[in-house]
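# Coordinate inspection notes
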4 protein chains.
Amino acid sequence: MTDAPSPRRAAILGAAGTIGQHFARLLDRHPEISVEALVGTSRTRGRRLADVWQLSESPPGALAGLRIRERTPAALARAGIEIVFSGLPSGTAGPFESELARRGIDVFTNASDHRMDPTVPLLVPEVNPDHLDLLARRAGGSGLLVADPNCSAAGLVVALRPIWTIVAPKEVHVATYQALSGAGFPGIASLSIADNVVPYIAQEEEKVARESQRMLGSLRRGRVAPSRIPFSVQCVRVGVRDGHLEAVTLVARRRPALSELLSAWGSFDPLRGEALPTAPHPPVVVRREPDRPQPIHDRWAGEPARARGMAVSVGRVRWEPPYLRFFVLSHNAVRGGAGGSVLNAELAIARGLVGRGRARR
Amino acid sequence: MTDAPSPRRAAILGAAGTIGQHFARLLDRHPEISVEALVGTSRTRGRRLADVWQLSESPPGALAGLRIRERTPAALARAGIEIVFSGLPSGTAGPFESELARRGIDVFTNASDHRMDPTVPLLVPEVNPDHLDLLARRAGGSGLLVADPNCSAAGLVVALRPIWTIVAPKEVHVATYQALSGAGFPGIASLSIADNVVPYIAQEEEKVARESQRMLGSLRRGRVAPSRIPFSVQCVRVGVRDGHLEAVTLVARRRPALSELLSAWGSFDPLRGEALPTAPHPPVVVRREPDRPQPIHDRWAGEPARARGMAVSVGRVRWEPPYLRFFVLSHNAVRGGAGGSVLNAELAIARGLVGRGRARR
Amino acid sequence: MTDAPSPRRAAILGAAGTIGQHFARLLDRHPEISVEALVGTSRTRGRRLADVWQLSESPPGALAGLRIRERTPAALARAGIEIVFSGLPSGTAGPFESELARRGIDVFTNASDHRMDPTVPLLVPEVNPDHLDLLARRAGGSGLLVADPNCSAAGLVVALRPIWTIVAPKEVHVATYQALSGAGFPGIASLSIADNVVPYIAQEEEKVARESQRMLGSLRRGRVAPSRIPFSVQCVRVGVRDGHLEAVTLVARRRPALSELLSAWGSFDPLRGEALPTAPHPPVVVRREPDRPQPIHDRWAGEPARARGMAVSVGRVRWEPPYLRFFVLSHNAVRGGAGGSVLNAELAIARGLVGRGRARR
Amino acid sequence: MTDAPSPRRAAILGAAGTIGQHFARLLDRHPEISVEALVGTSRTRGRRLADVWQLSESPPGALAGLRIRERTPAALARAGIEIVFSGLPSGTAGPFESELARRGIDVFTNASDHRMDPTVPLLVPEVNPDHLDLLARRAGGSGLLVADPNCSAAGLVVALRPIWTIVAPKEVHVATYQALSGAGFPGIASLSIADNVVPYIAQEEEKVARESQRMLGSLRRGRVAPSRIPFSVQCVRVGVRDGHLEAVTLVARRRPALSELLSAWGSFDPLRGEALPTAPHPPVVVRREPDRPQPIHDRWAGEPARARGMAVSVGRVRWEPPYLRFFVLSHNAVRGGAGGSVLNAELAIARGLVGRGRARR
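The model shown is predicted, which means the values in this text are computed figures rather than measured ones.

### Some points on the overall build of chain A
- Within chain A, the secondary structure is distributed over 12 helices and 14 strands.
- For 361 residues, the compact-globule estimate of 2.2 N^0.38 gives 21 Å, and chain A sits close to it at 20 Å.
- In terms of overall dimensions, chain A has C-alpha extents of about 60 × 50 × 40 Å along its principal axes.
- When the 361 residues of chain A are sorted by exposure, 60% land in the buried category.
- Here the contacts in chain A between residues at least 6 apart in sequence split such that 76% fall between residues at least 24 apart.

### A word on the interface of chain C and chain B
- On the side of chain B, five residues touch chain C, which itself brings five residues to the contact.
- Looking at the side of chain C that touches chain B residue by residue, the class counts come to two nonpolar, two polar and one charged.

### Examining the interface of chain A and chain B
- Contacts between the two partners involve 28 residues from chain A and, on the opposite side, 28 residues from chain B.
- For the side of chain A that touches chain B, the secondary-structure elements that each account for two or more residues are β7 (169-177), β10 (231-234), β11 (244-252), α10 (295-298) and β14 (323-330) of chain A.
- For the side of chain A that touches chain B, the residue count by class is 16 nonpolar, seven polar and five charged.

### As for the packing of helix α1 (residues 18-27) of chain A against helix α11 (residues 334-350) of chain A
Residues and elements named next belong to chain A.
- Interhelical geometry of α1 versus α11 gives an angle of 55 degrees and a closest axis separation of 9 Å. When the axes of α1 and α11 are compared, the pair comes out oblique. Here α1 runs over α11; the crossing is right-handed. Here I19, H22, F23, L26 and L27 of α1 come into contact with α11, specifically with V334, G337, A338, G339 and V342.
- Its residues assigned to classes, the contact of α1 with α11 shows seven nonpolar, three polar and no charged.

### A short note on the relation of the copies chain A and chain B
- Least-squares fitting of chain A to chain B yields an RMSD of 0.0 Å, with the transformation described by 0.0 Å of translation along the axis and a rotation of 180 degrees. Both copies are brought into coincidence by an operation consistent with a two-fold rotation axis. The position closest to the rotation axis in chain A is occupied by the C-alpha of A175 of chain A, lying 3.2 Å away.
- Mapped onto chain B, 100% of the interface residues of chain A again fall at the interface, so both copies present the same surface.

### What to know about the sheet that holds strand β13 (residues 312-320) of chain C
Residues and elements named next belong to chain C.
- The mixed open sheet is built from six strands, whose spatial order is β10-β7-β11-β14-β13-β12. Where the open sheet ends on each side, the last strands, each with one partner, are β10 (231-234) and β12 (284-286). Strand-to-strand twist in this sheet, taken as the mean axis angle between neighbours without regard to direction, amounts to 25 degrees.
- Across eight bridges, the pairing between strand β7 (residues 169-177) and strand β11 (residues 244-252) is antiparallel. Residue pairing across strands places A175 opposite A247, the latter belonging to β11.
- Sitting on the sheet, helix α8 (residues 204-215) is in contact with β7 and β10, with an inclination near 150 degrees to β10.
- Strand contacts of helix α9 (residues 258-266): β12 and β13, with the helix running at about 170 degrees to β13, the strand carrying the most contacts.

### Structural notes on the domain arrangement of chain A
All names here are of chain A.
- Segmenting chain A into domains produces domain 1 (8-150 + 338-360) and domain 2 (151-331).
- The centre of domain 1, based on its C-alpha atoms, is set 24 Å off from the matching centre of domain 2.
- Of the residues lining the interface, 32 residues belong to domain 1; the matching set on domain 2 comes to 29 residues.
- At the level of secondary structure, the elements contributing two or more residues to the side of domain 1 that touches domain 2 comprise α1 and α11.
- Top element by residues in the side of domain 1 that touches domain 2 is α11. It accounts for seven residues.
- Counted by class, the side of domain 1 that touches domain 2 contains 14 nonpolar, 10 polar and eight charged residues.

### So, unusual backbone geometry
- Each neighbour pair has its own omega, and for H281 of chain D with P282 of chain D the value is 0 degrees, a cis peptide bond.
- Residue placement: P282 of chain D occurs in the loop between α10 (258-266) and β12 (284-286).
- Even without being glycine, R316 of chain A reaches a positive phi, approximately 50 degrees.
- Residue position: R316 of chain A is located in strand β13 (residues 312-320).
- On the basis of neighbour counts, which here come to 22 C-beta atoms within 10 Å, the residue R316 of chain A falls in the buried class.

### Digging into the sheet that holds β13 of chain A
Residues and elements named next belong to chain A.
- Sheet architecture is open: six strands sit in the order β10-β7-β11-β14-β13-β12, paired in mixed fashion. Because the sheet does not close on itself, it has two edges, and the strands there are β10 and β12 (284-286). Between one strand and the next, the sheet's axes are offset by a mean angle of 25 degrees, whatever the strand orientation.
- One ladder, built from four bridges, connects β7 with β10; its direction is parallel. Paired with H173 across the bridge in β10 is S232.
- The strands touched by helix α8 (residues 204-215) within the sheet are β7 and β10, with β10 carrying the most contacts at an inclination of about 150 degrees.

### Quick notes on the environment of R255 of chain C
- Turning to its location among the elements, R255 of chain C is positioned in the loop between β11 and α9.
- The spatial distance from the C-alpha of R255 of chain C to the C-alpha of P169 of chain C is 10 Å, given a sequence separation of 86 residues.

### Re helix α5 (residues 93-102) of chain D
Residue and element names in this part refer to chain D.
- Buried within α5 we find A93, F96, E97, L100 and A101. Axial view of α5: buried residues confined to an arc of 135 degrees, hence all on one face.
- Packed against the buried residues of α5 are α4 (73-78), β4 (83-86), β5 (106-109) and β6 (145-147).
- Looking at the residues trailing α5, positive phi occurs at G104, about 90 degrees.

### Some points on the nonpolar core
- Counting 460 residues, the largest nonpolar core has V84 of chain A, V84 of chain B, V84 of chain C together with V84 of chain D as its most contacted members.
- V84 of chain D has contacts with A10, A11, L13, L76, L100, I105 and V107 of chain D, leaving out every residue within four places of it along the chain.

### Here we look at the packing of helix α5 (residues 151-160) of chain A against α11 of chain A
Residues and elements named next belong to chain A.
- Put simply, α5 and α11 touch, their axes get as near as 8 Å, and they point 90 degrees apart. Comparing the axis directions of α5 and α11 gives the class roughly perpendicular. Between α5, through C151, S152, A154 and G155, and α11, the contact on the second element is made entirely by R335, G336, G337 and G340.
- Within the contact of α5 with α11, the residues separate by chemical class into two nonpolar, five polar and one charged.

### Section: the pairing of β11 of chain A
All names here are of chain A.
- Of all nine residues that make up β11, nine are buried, and the element is covered over most of its length.
- Of the two faces of β11, the one lined by H244, E246, V248, L250 and A252 and the one lined by L245, A247, T249 and V251 are each fully buried.
- Pairing of β11 with β14 involves eight bridges; the strand directions are antiparallel. Of the residues in β14, the one forming a bridge with T249 is R325.

### Considering the environment of V197 of chain A
- Its place among the elements puts V197 of chain A in the loop between α7 (190-193) and α8.
- For V197 of chain A, a count of 25 C-beta atoms within 10 Å gives the class buried.
- Measuring from C-alpha to C-alpha, the distance between V197 of chain A and G65 of chain A comes to 38 Å, with 132 residues separating the pair along the chain.
- Setting aside chain neighbours within four positions, we find V197 of chain A in contact with V236, R237 and V238 of chain A together with Y177, V238, V240, L245, Q294 and P295 of chain B.

### Thoughts on the environment of P186 of chain B
- Note on placement: P186 of chain B falls in the loop between β7 (169-177) and α7 (190-193).
- The spatial distance from the C-alpha of P186 of chain B to the C-alpha of L156 of chain B is 26 Å, given a sequence separation of 30 residues.

Definitions and cut-offs
Residues numbered from 1 in each chain as written. Chains lettered and ligands numbered in written order. Predicted model: local features only at pLDDT ≥ 70, side-chain atom pairs only at ≥ 80, totals over all residues. Helix = DSSP H or I, 4+ residues; strand = E, 2+ residues; numbered from the N terminus. Rg over C-alpha atoms; globule rule 2.2 N^0.38 Å. Buried ≥ 20, exposed ≤ 12 C-beta atoms within 10 Å, placed from the backbone. Contact = placed C-beta atoms within 7 Å. Nonpolar A, V, L, I, M, F, W, Y, C, P; charged D, E, K, R; others polar. Axes fitted to C-alpha atoms, helices over the stretch in contact; angles between N-to-C directions. Parallel < 35°, antiparallel > 145°, perpendicular 65-115°, else oblique. Left-handed = near helix turned anticlockwise from the far one by under 90°. Least-squares fit on C-alpha atoms with pLDDT ≥ 70 in both. Pairing = 2+ DSSP bridges. Domains from an automatic or database assignment. Arc of directions from axis to C-beta. Core = buried A, V, L, I, M, F, W, Y, C linked by C-beta atoms within 7 Å.

Structure representation (structure tokens):
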């Protein structure tokens, strides 16, 4: 690229956590974004990223030596940070992110605090890119605030979007098989999950239902009208490192042919025309084997290389009207975590939305 | 017991397998049944039960030294065997069991071959004891043939029975978290399930639906009219040794109070008056903790001691009409396997049905 | 027993922890000891034992409803507590236990703080009962202080004792495969151990070496002269719930026949004559199968019923002089934890040592 | 490369197995070797590599569509195959490989059959490249036969080589923590290893000892004189997918400084000067953290990209003379399997040894 703009200066919040480390991994040598700061807490400040690294993937060479700092929103603004990726825990995240946005910094967050705010797009680029229009309602001079959804909702809505109107479900039933990394580190104790599964994840079922309904809702007069289709969700933790599997049953109003469904999934690629580096093409991989998708084989689905873990795998499609049953698998910390926000940022950059808050100040 | 009848002479088919070994464990020192023969294949004949033992529980002292033999139905009849417990694999089981019954031996089977036969009760004593009446249609002189259901269906119907008419569901949605032992030994390869879950168990979803509908059906003019309520089932293998967990959602027609549901489960004990040694009292244990039932804690539920693993645990009851969601857990190889057939035999003995075929010959 | 003395009034320290809960389980309906108080911290005070229960075994019926209290040594003394079982974490344990002993209460502890004290027997009844003589050096009027060893050392010394002089090792090499419960609850994070093993347990290798040498040492003029045989130990955490496996290699000075070794293990039962309720007979179970001992099959070894988990399993004995290799398995939280201290208390009671401190005051 | 020779035409034996699939993965787009044939059994013939794929890594694009065939040595020779990589099971491998060599094809094998043959180098290029001289004793016209060692021996000797003469051990004690994939597919049953470890792998301990001694032996008059240092080995299977960990204790004759040992490991890179595509630089990665190496973090060690999984990680070095204790970790199916033979082939090609048999015929 001869005319490539200089990369945006970015910071990662919660850099010592699971999502923060996935941000570091995904932003390593990113063509449009340059990580300049790793922000942590008093517990981790001063330590190099490599020293707190917990993922089984290797720490990114370029960032491994960067030290984690404690930083206020003001300090980040002074340091010329333009974009912040937030892997903060919910609760802590909300006020910190609001303050960053007030200072004109564009925030892409994996935390749940702002997901239901009327002026915050809860965004999955393949699913509801039009929800970016909500940003028009934000105060002038303020930065963007864009949220990615709950780790189970993210994969689910990518799988539902291509068939949503074809099937016209009147009910959605979901049971999840959620990976350990979804709870972050240290997360669940080994004695709680060894030779066991745990049918409880605090507030998860409500989040999956509510966030999916919001993302599948429509934009009317600057507001999101959530889908009214009921989502009945049951969430279970299983002893798998990464990759959330979900058993989905749609009760359908319509009766498309099975081939029509498979073709809708197979040809789905709404971001085809946009050069988003982290976008997987195709975003939905349809598995034809009888026993797929499986975490061990499919969690890293996604091409090109930069989009590994961003594709959603769909399989075991059984269509016995009115019941459409299938399984969805996605990498909870990539598609359902850090990767979701990176893709959101790429879309916002492509749409020319990034940097406006700071420009106007 | 001063007047106790002499115990029935019993044989175990498939004694080297997982279900066969649970039969041996459960029948150890049984007050009404005495195991006289362990029947295996050419692969295991001549070996002592202790030598082929695979369960993590210890082999039963009294039977540990008994040797496994190859035996024809004729040889078993000649040896004076009155009751056979069958842990044979499906396919092999059918003709062998039929031949045993023809010779007047009463057969209690865990195999699937005869489960849908019109003259074979598919029986869970707490759920459909009246289905024993199907036996009246069998030919004179023949032995009983009584089947217990699929390991996932067994726990499910015990949990559904107490609330079935109160809720009057119009749909049942089930997603399972099934243990490794459900596949027997050697079953699934460690590399297939380590750090993984597998969303496929051959023919399982159909069995759970069909068998549950049969057991919840009603007896009309000597035939079972299966329930027509649709069961939409998704089955997944998880890396747990024992204990099938199931996420259940009922779409209800009625609107009972939550307390009415809990009370229906809590007071359910239809076998209370009958002195069946392996019957758990109560058969449904309602867990009030937010995160139960769990395999590691609840798979061995059941009192008295002889009924360990026979109780079904229900928990996380969420009632947002019309959706009633809850989890069920039961020990797949006890309540959902060998224990089911032992309880069936105990009920048949209590009803005076055992031994009739031989008496008439 | 017509003349049975009234049971000793006991308290459990650290009742909410893994070891504390095993104490509660093992002391349930104990013929000589009656648990009157469960002592915890501000975090757990007021909660019933059943509410904080974490073990996969069921909570003991008689104690399940007892509430955890915060109690000072003085309060325990005022409440007439005669014996204390301590499952406190090391560091906290030391001063609290010393204060209890000063007040005349007999303390049996699983904590490491006092294990190397010259006047504290580091005791395994089958191994070094004579070390109880160290107690003679304690101040008049003070209670006993008796420690059980590190969870890996406990099983090891029981396996070594019967062959120690026969083999006369000049070196002992040990590599461990230690269970998750050895770290207590919450212990190790699931993400740290799923699909992994961790070759590091803080200070464990030093403890196993030093404590084994002390227990295998000899008592000379009121002091323990530790064994000078070097122990080279490597400790690894593996993803097993309960049961520490150890690979042991002895470099032998002597050349006994293999049969002599097996017979030494098989006939070892130094507590045969003493009626200690929790003592397993035999204490060493020799497995002849090629692939035993294994945690899943052997961790609960031990008869009679009250001694389940107290026997040590030895197997895969390979004797190629000068190298004697074998595996040892023992339940880390029973033989290597709470059960060790219960057995110590039973031995002290049998020897008439319990209650002396209080008697003299 | 302007003058690159055309790549060697290669076949993979046992292509449907775990090692065969790693061969396919490692040889994908190899600069010197081109896979032309996948050889399997009647069970898998006709199936595409992608259809039998079992590894968690993705099947290699270029070979995924290639079909598995049954092929005799004669057919392979007729098809112009120059190099064969053998992932055959031991027993089957021996005669088949001998016949291939007789026909002038160069064989690099992971099977154990020929490992102790006097004319077959048991080779790890960083450890004993001079053993290639054994090939000089083979009959004219015959192809090479080069074996890689047992999966546990491979990592061990790479870790031992740099310090072997510095420490001058008089004994080597090894306890292993071996991954599931070491048993191939299906390998060990999930019920045998879930919540368990298994202290038995058939013939493994003998192989590790004998093969290590051979590789560390010296070449004298065209024969290998094995090292006489005793290896005392204990082998255990643990529930880890990939990566063998080994606890090593050397009883040293010499007393080098710890820094000298670390420096010997750190500077070890005997293949530095040779352009072998799959050679890792450095071959030994020394970990300084207290709790490394670990399978989840270190099994894929090795740079450049083509050498992923070929480096051996050493850590927790504790030097208390005469005992040197440390842990070694290596990827059993890469360094200890297919990758070992690929590196052997690369060394043989670089030395001009490949193709001689065929040239002379």
